[in-house]
Each structure stands twice: as C-alpha cells, then as structure tokens.
Amino acid sequence: MSTVARAEDGAPPRWQIDVKAAYVVLGARAARATGGIMPSVTGLHRWPVREAVDVGIGAGVGLFGLGGDVRWLGVLGGPAAAARVVPFRIPLSFELATRLDFERIPVCNTWGLCSRYHGFFPAVEAGASYRSTQHVAVAATCGVRFIQTLAWSGVSVEPGVAGRLSW
C-alpha cells in the first residue's frame, strides 16, 4: 500500500521519531552527581496489532551529564521496543517501552570515587502521549534504568518530556 493511499484512508502512521529531554537521577547519595539532563532521539517502526494497540521496534541514542565536565559525559544507545494502547476515542495513548542500551556511563560511589564504565544498561519506561494532529504528539515519560558497576549498583530514575513526529 502506498504512502499516499495510507494517508487518505486514515491508517495510522508507521514511523515515529521522538526527541526527548529527561532528567537522570543517578545514585541519591553519591558524593558527585553524574546524572543531569539527557537529550535523546529514538526512532521506531510501528505495526498495528489491534484497532487500539500497536507495537514498535527501533533504536535510540542519548547523552547525559551535559553542563558539567566533558569527561563525565555519558553516552547510551541501542535497540528499543515499545507497545502503545489508545483506550479512548480521544487522542491520548499510554505506552510501555524497553531499551537495551550499551556504551559508557560515569558513576561515583559514596566515597566520591568516580569512574567511567562501559557496559549494558537496560531501561524500562512508561508514558502517556497526547496527539495534537495525526503526525505530531507530546509525551510525558518516566523510566528506570538498571545499573551495575564496580562503584555503584542500583537504578536511575529518568522523568522526561518528548516531542513526537510520525509519518
């Protein structure tokens, strides 16, 4: 089916790009905070499962620790999967996403010792989005990232806001 035909028959968009700003809270009692603002970009291809449910698979990349020393900049990226439900006839949807991120994060322990760790840092994220048009939406999210390093093990909490473009 062509893109023109899909747009005319009201079929939901198949591609989605989210540009998000989250605030990473990493280690509540760390002597040197290594979280901060995390801008990220995620792209997904979506498939309808039912009339009000779809799933998506894609990838994302993000940075955190902006505004501080560049050596403490964290970089995360990897595959992502999401499920979305539109339970009402209004343009509101609820989402659940998982991210399997790799790369490096700076972590400080309770004694103030800080190191950069390369590894696997998966995350789970829940959110709600409001679609203002067929192709533009705004989403509020909150994620939890699982971190296990030599210096610190625990979770980071990542509330955020995203702008979404679909086609």
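What you are looking at is a predicted structure, and each value in this text was computed from that prediction instead of being measured.

## Considering the confidence of the model for the protein
Alright, step 1. Model confidence for the protein is summarised by a mean pLDDT of 84, while 81% of its residues fall at 70 or above.
Alright, step 2. In this model residues 1-9 is a low-confidence stretch, pLDDT under 50, and it forms seven contacts with partners more than four residues away in sequence or in other chains.

## Here we look at the pairing of strand β2 (residues 36-50)
Alright, step 1. Relative to β2, strand β1 (residues 15-26) runs antiparallel, the two sharing 10 bridges. Within the sheet, the bridge partner assigned to Tyr 23 lies in β2 and is Ile 37.
Alright, step 2. Bridge count for β2 against strand β3 (residues 53-64) is 10 bridges, and the pairing is antiparallel. Residue pairing in the sheet places Ser 40 in a bridge with Gly 62 of β3.
Alright, step 3. In sequence, β2 turns back onto β3 through a hairpin of two residues.

Calculation rules
- Residues numbered from 1 in each chain as written.
- Predicted model: local features only at pLDDT ≥ 70, side-chain atom pairs only at ≥ 80, totals over all residues.
- Heavy atoms only, no water.
- pLDDT = per-residue confidence, 0-100.
- Contact = heavy atoms within 4.5 Å.
- Pairing = 2+ DSSP bridges.
- Helix = DSSP H or I, 4+ residues; strand = E, 2+ residues; numbered from the N terminus.

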